[in-house]
Amino acid sequence: MRSINIFKKSNRPIVMTTAYDYVSARTASSAGIEALLVGDSLGMVLGGAENTLNVSMEEMILHTKYARSGAPDHFIVSDMPFLSYKISPAEAVRNAGRLIREGADAVKIEGGTEVCRLIKKLVFADIPVMGHIGLTPQGILKFGRYKKIGKKEVDKKYLLRSAVEMEKAGAFAIVLENIPASTADEVTKRIGIPTIGIGSGPGTDGQILVWHDVLGFYDKLKPKFAKNYKNLWEEAVDGLKRFASEIKNGSFPDEEHSG
Ligand code: KIV
């Protein structure tokens, strides 16, 4: 359903995956995944980069268009990439508007209390905003490595304060990435908007994983929390090896596939 109304607190968990293109959006929406995220993780998963910092607005726009073509009736959130929303509020609103015009129903921004003023500005511009706290991958240079965030009391307090303020600022949902399950539970109970967890235990209002992780189609980074329900990587290598060997041994193209 292409409606923000799926982001309600209820007993029903909200199911999300990333989608970067026609194939991932179409398979995910056909499988009943309720909402899709054009995540800036595409820089790593599609581009092979070490982190998400090199992803541009142009890439996010292109992949938002691709995902929209595969899931015309699904709710799509697009990530605002590194530096697209922290230089100035005016630039942030303009960039968010570009994603909306190209097919997104909402944007996601990383950061806690410090992005609340911006959330208000985006919401004022009628752009729905999903927050993202905990391990925020655009902060990788500050974190040093991908790790659990919020183990210390001070970090936990910051996460709770951020979630409460983001709700007040008008965010419609918040991604909680790689935080302790007990903290994710507390945040989830404390706020009236749904939390979408990734690596943050079972107590959130919804869960999200990267499409390529769900399907075992990415070999570089294997977060502990990512469960592979298929091994498409092996399937792909196997299929391609068979294709190559049939060409070499002369069995492809056969009569059926000769056009
Ligand atoms: O970019 C991304 O894919 C994300 C999710 C993993 C939450 O932000």
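Quick summary incoming for the structure in this document. Once a new chain begins, its residue numbering starts again from 1 and follows that chain's sequence as written. Local features in this predicted model are restricted to residues whose pLDDT is 70 or higher, and side-chain atom pairs enter the listing and the counts only when it is 80 or higher, whereas totals over whole chains, interfaces and linings include all residues. Computation of side-chain values: all heavy atoms of the structure, hydrogens and water removed.

**Notes on helix α1 (residues 22–30)**
Selection rule: Burial classes follow relative accessibility: with a 1.4 Å probe on protein chains only, a residue under 20% of its type's maximum area counts as buried, one over 50% as exposed, and anything between as partly exposed. Here a strand is any run of E in DSSP of at least two residues, a helix any run of H or I of at least four, and the numbering for each starts at the N terminus. Within this analysis, the arc is defined by the directions that extend from the helix axis to the C-beta atoms. By the convention used here, residues are in contact when the closest approach between their heavy atoms is within 4.5 Å.
The complete set of buried residues in α1 reads Ser24, Ala25, Ala28 and Ser29. Looking down the long axis of α1, one finds its buried residues gathered within 115° of arc, a one-sided arrangement. Contacts made by the buried residues of α1 are with β1 (14–18), β2 (35–38), α3 (57–70) and α9 (211–214). Downstream of α1 by a residue or two, Gly32 has a phi angle that is positive, lying close to 90°.

**Considerations on the sheet that holds strand β8 (residues 206–209)**
Which entries qualify depends on this criterion: When DSSP finds at least two bridges between two strands, those strands are taken to pair. Angles here are taken between N-to-C directions and fall from 0 to 180 degrees, while the axes themselves are lines fitted to C-alpha atoms, restricted in helices to the stretch in contact.
Overall, parallel pairing links the 8 strands, which are arranged β1-β2-β3-β4-β5-β6-β7-β8 in a closed barrel. Put simply, the sheet's adjacent strands are angled 25° from each other on average, direction ignored. Running at roughly 175° to strand β5 (residues 129–134), helix α7 (residues 153–169) makes contact with β5 and β6 (173–177) of the sheet.

**Considerations on a positive patch on the surface**
Which entries qualify depends on this criterion: A patch consists of residues whose relative accessible area exceeds 30% and which take part in no salt bridge; residues with like charges are grouped when within 9 Å of each other, and nonpolar side chains (Val, Leu, Ile, Met, Phe, Trp, Tyr) when within 5 Å. For accessible areas, the Shrake-Rupley method is used with a probe of radius 1.4 Å. Any residue's cover is judged against the shown protein chains and nothing else. Here, a salt bridge means any side-chain nitrogen of Lys or Arg that lies within 4 Å of a carboxyl oxygen of Asp or Glu. Charge convention: Lys and Arg are scored as positive, Asp and Glu as negative, and His as well as the terminal groups of each chain are ignored. Think of each charge as sitting on NZ of Lys, CZ of Arg, CG of Asp or CD of Glu.
Taken together, Arg117, Lys120, Lys121 and Lys168 make up a surface patch of like positive charges. Looking at which element gives the most residues to the positive patch, the answer is helix α5 (residues 116–124), with 3 residues. Lys121 sits in the partly exposed class, given a relative accessible area of 38%.

**With respect to α5**
Among all positions of α5, only Cys116, Leu118, Ile119 and Leu122 are buried. On an axial view of α5, the arc spanned by its buried residues comes to 155°, and they lie on one face. Facing away from the buried surface of α5 by more than 90 degrees, the exposed residues are Arg117, Lys120 and Phe124. Here the buried face of α5 lies against α4 (89–101), β4 (106–110), β5 and α7. Backbone geometry just after α5 places Asp126 at a positive phi near 65°.

**Things to note about the packing of α7 against helix α8 (residues 181–190)**
What counts, and what does not: Roughly parallel here means an angle under 35 degrees, roughly antiparallel means over 145, roughly perpendicular means 65 to 115, and every remaining angle is called oblique. In this scheme the crossing of two helices becomes right-handed for a clockwise turn of the near helix relative to the far one and left-handed for an anticlockwise turn of less than a right angle.
Two elements in contact, α7 and α8, have axes separated by 10 Å at closest approach and are oriented at 25°. Comparing their axes, α8 and α7 come out roughly parallel. Between α7 and α8 lies a crossing whose hand is right-handed. Taken together, the residues of α8 that come into contact with α7 (itself represented by Lys156, Leu159, Leu160, Ala163 and Val164) are Thr183, Glu186, Val187 and Arg190.

**Brief notes about the pattern of salt bridges**
It is possible for side chains bearing opposite charge to pair when their charged atoms get close. Scanning the model with the defined rule gives 11 salt bridges in all. One salt bridge connects Asp105 with Arg2, and the closest N-O pair in it is separated by 2.8 Å. Residue Asp105 is found in the loop between α4 and β4, and its partner Arg2 is found in the segment before β1; the two are separated by 103 residues along the sequence. Among the salt bridges present, the one from Glu102 reaches Lys65, with a minimum N-O distance of 3.9 Å.

**Considering the packing of aromatic side chains**
Each aromatic ring pair is summarised here by two numbers: the centre-to-centre distance and the angle between the ring planes. The criterion, for reference: In this analysis, rings of Phe, Tyr and Trp, with Trp reduced to its six-membered ring, are considered paired at centre separations within 6.5 Å, and the interplanar angle assigns stacked below 30 degrees, edge-to-face beyond 60, and tilted for intermediate values.
Taken as a whole and judged by the stated rule, the model has 4 aromatic pairs. Note on Phe75 and Phe172: the rings are 6.0 Å apart at their centroids and 80° apart in plane angle, and the pair reads as edge-to-face. With a gap of 97 residues between them, Phe75 in strand β3 (residues 75–79) and Phe172 in the loop between α7 and β6 connect regions that are remote in the sequence. Of the two residues, Phe75 and Phe172, both sit in the buried class. By the ring-pair criterion, three or more aromatic residues cluster together here, those being Phe7, Phe75 and Phe172.

Take it as geometry only, folks, not as evidence of what the structure does.
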